[in-house]
Amino acid sequence: MCLCMIPTIRIGNLMPEIFQYEFMNRAIVASVLVGVTAPAIGMFLVLRRLSLIADTLSHVAFAGVAVALITKSFTPIVAFIATATAAVSIEELRVRRLLPGDAALAVFLYGALALAVVLISASDGFNTTIFSYLFGSLMSVSTTDLWWMGILALVIVLFLFMFRFELTQITFDPDLAKTNGVRVHMLNLSLAILTAGTITVSMRVVGVLLVGALIVIPVLVSIRVVKGLTLTLIVSSGMGVFVAVFGMVISFYADLAPGGSVVLIAISLLIIVEIGALIKRSLFRSTQLMQSSDHTHAHEFHAHGANESTTDERHSHR
Amino acid sequence: MNDDFQSNPIQVDVESFPGPEKIPIRFDETWFAYDSVPVVRDINFSIMPGEFAAILGPNGSGKTTLMKLALGLLKPSSGRVLLFGEPSDNFTDWHRIGYVPQRIQTTEYRFPASVREIVQFGAYSGFSFFPSFKHNENSRVDDAMELAGIRDLADRRVSDISVGQQQRMLIARALVRRPDLLVMDEPVAGVDAAGEDQFHSMVRRLNRDLEITIVMVSHDIGVVMREATTCACINQDIVFHGPVHQLDANALSALYGFPVDVLMHDPDHTHR
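Residues numbered from 1 in each chain as written. Chains lettered and ligands numbered in written order. Predicted model: local features only at pLDDT ≥ 70, side-chain atom pairs only at ≥ 80, totals over all residues.

### Topic: the sheet that holds strand β2 (residues 37-47) of chain B
Logical step 1: In spatial order, the strands read β2-β1-β4-β5 (chain B); together these 4 strands make up an open sheet with antiparallel pairing. On the outer flanks of this sheet lie β2 and β5 (86-87) of chain B, each paired with one strand and no other. (Pairing = 2+ DSSP bridges. Helix = DSSP H or I, 4+ residues; strand = E, 2+ residues; numbered from the N terminus.)

This is the structure:
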């Protein structure tokens, strides 16, 4: 579809070009919703080393999209039901020790992808639509999608706000949480279902293949720059909104795929903060070394003791 | 009852045996099996109020499993475990229990919580719509950190402190709730000798001054003999259960499967 065919709303000349297109306004609102929810859920996955669950569930969502397109059903609902079922099954398999966690993820990832490929090959005629789900599309976000995304985002944010103490306890140590009276299994299942919801919401914007990145990368950036659980949660969502909206704007002006732009910006941000942390660490070390060499000249014996304790400390840290 | 046992301030009065709701932990014909291989077999004993009970046994003897059964983290394959008179898997009065695991389970090396945030979890008293920590809870958190000697670490990131300091943080977290029962699973694993000594004198105070019932899983026979009042030796089933002064070479030989001699140190040299 050519951009010139899109009806535009012109509200004076002050309005930047990007806001003059209704589809872009919808895409930006969608980016904000996705930017807030994906990293917020992501924090509880990343800290438990469950980052890859997002990737698995996005492939399941893709299979759901293929089913919806073949049966001509409402795509978000079918994708959500498929993803939520998979999320709950993975959690149950993990808890009941029927399959190791990573093996369960692999089975669902490849199973869903195979199902999607078979369904797509069996039917012709929705290649363009499938493409927009795979890579995300600025123009594909409809008003109905936006309503769904808004409601789901509200539920997710409310859930995370209400259960933030319980969820952080489970993330830190599930056994300690359980002996603190936290209902660990019930909350894990709820988190799995809401992760499914987040993926269903996000895939419209960044696409199935890259949705995992928006769940994981803003959290990694935030963990590097702030301390404290609530602050990490807020900064993760803030980073999410920043990269999603900025990526959308760039993809609009440079005519690039939105999903890829969003994820590349997120990764650039991560590289910047990691390099910043590296420089800070090496500056700190060189200051320490200078201090310790000054000390060696003055009191050789004491300086030796200081070096030993530094080494010990590094070993005791995990 | 000999002099040694009478000199100990914590005693169980058999005449006025407490009601089941007062007994912190009771194992009643408890069995547990992983994939039909028994890990603990037919365990029958109780841990009484005010006791400092040690659970002693070699590696793989089922000590940690026994603790997890006691805390309702595992469900017995048969028999039952009662926590203050209630089956442990249906137990709800969690504010009465403090648990200090062997190590924290979080695997993320950059876990963003501060030490204070983790200790605050101990003040958690169930779900509420608008959770917030009240002023008196804050002072309880301060007191617990003071008692565990980690007040100066309050704002440090959990992942930036040593294993020994993490252990003290977990103790502070358990103490915030002012528990009646403190369960610890090898709490000094990875802590140096000086830290271990400080730790044991702290636990001694908790038991004697605050009258908290202590259950401690340990590898260290010396520590058990010195600190505990009672001891349960387990190697899948119970080899010995009774006051520590009755723990002799025969019981230890049966526990470890090879001859063990008990050497008593000069009292001046018992503390490292």
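### What to know about the sheet that holds strand β9 (residues 230-235) of chain B
Residues and elements named next belong to chain B.
Logical step 1: Read across the sheet, 6 strands follow the order β6-β7-β8-β3-β9-β10 without closing on themselves; strand pairing throughout is mixed. Across the chains shown, the open sheet's two edge strands, defined by having one partner strand only, are β6 (97-100) and β10 (237-243). Strand after strand, the sheet turns through a mean of 15° between neighbouring axes, direction not considered.
Logical step 2: Relative to β9, strand β3 (residues 52-56) runs parallel, the two sharing 4 bridges. In the sheet register, Ile-55 faces β9, and the bridge partner there is Ala-232.
Logical step 3: Of the strands in this sheet, β9 and β10 are in contact with helix α8 (residues 249-256), which crosses β10 at around 155°. (Axes fitted to C-alpha atoms, helices over the stretch in contact; angles between N-to-C directions. Contact = placed C-beta atoms within 7 Å.)

### Things to note about the pairing of strand β7 (residues 181-185) of chain B
Residues and elements named next belong to chain B.
Logical step 1: Across the 5 residues that make up β7, a large majority, 5, are buried.
Logical step 2: Burial of β7 is two-sided: the residues Leu-181, Val-183 and Asp-185 facing one way and the residues Leu-182 and Met-184 facing the other way are all buried.
Logical step 3: Bridge analysis of β6 against β7 gives 4 bridges, and the strand direction is parallel. Looking at the pairing, Tyr-99 lines up with Val-183 of β7.
Logical step 4: Pairing between β7 and strand β8 (residues 213-218): 5 bridges, direction parallel. Along β8, the bridge assignment pairs Asp-185 with Val-217. (Buried ≥ 20, exposed ≤ 12 C-beta atoms within 10 Å, placed from the backbone.)

### Observations regarding the nonpolar core
Logical step 1: Ranked by size, the top nonpolar core spans 165 residues in total, and within it Ala61(A), Leu214(A), Ala172(B) and Val183(B) carry the most contacts.
Logical step 2: When sequence neighbours within four positions are dropped, the list of residues in contact with Leu214(A) reads Val34(A), Ala38(A), Ser202(A), Val206(A), Gly240(A), Ala244(A), Val262(A), Val263(A) and Ala266(A). (Core = buried A, V, L, I, M, F, W, Y, C linked by C-beta atoms within 7 Å.)

### Structural notes on the interface of chain B and chain A
It is common to report an interface's size as the accessible area lost on association of the parts.
Logical step 1: Listed per partner, the contact involves 31 residues of chain B and 25 residues of chain A.
Logical step 2: For the side of chain B that touches chain A, the secondary-structure elements that each account for two or more residues are β6 and α3 (115-121) of chain B.
Logical step 3: Split into classes, the residues belonging to the side of chain B that touches chain A amount to 18 nonpolar, 8 polar and 5 charged. (Nonpolar A, V, L, I, M, F, W, Y, C, P; charged D, E, K, R; others polar.)

### Description of the confidence of the model for chain A
Logical step 1: Model confidence for chain A is summarised by a mean pLDDT of 83, while 86% of its residues fall at 70 or above.
Logical step 2: Segment residues 1-6 of chain A: pLDDT under 50, and 3 contacts once partners within four positions in sequence are set aside and those in other chains are kept. (pLDDT = per-residue confidence, 0-100.)

### Some details on the environment of Arg208(B)
Logical step 1: On the secondary structure map, Arg208(B) appears in helix α6 (residues 193-208).
Logical step 2: Placed 156 residues apart in sequence, Arg208(B) and Phe52(B) show a C-alpha to C-alpha distance of 9.2 Å.

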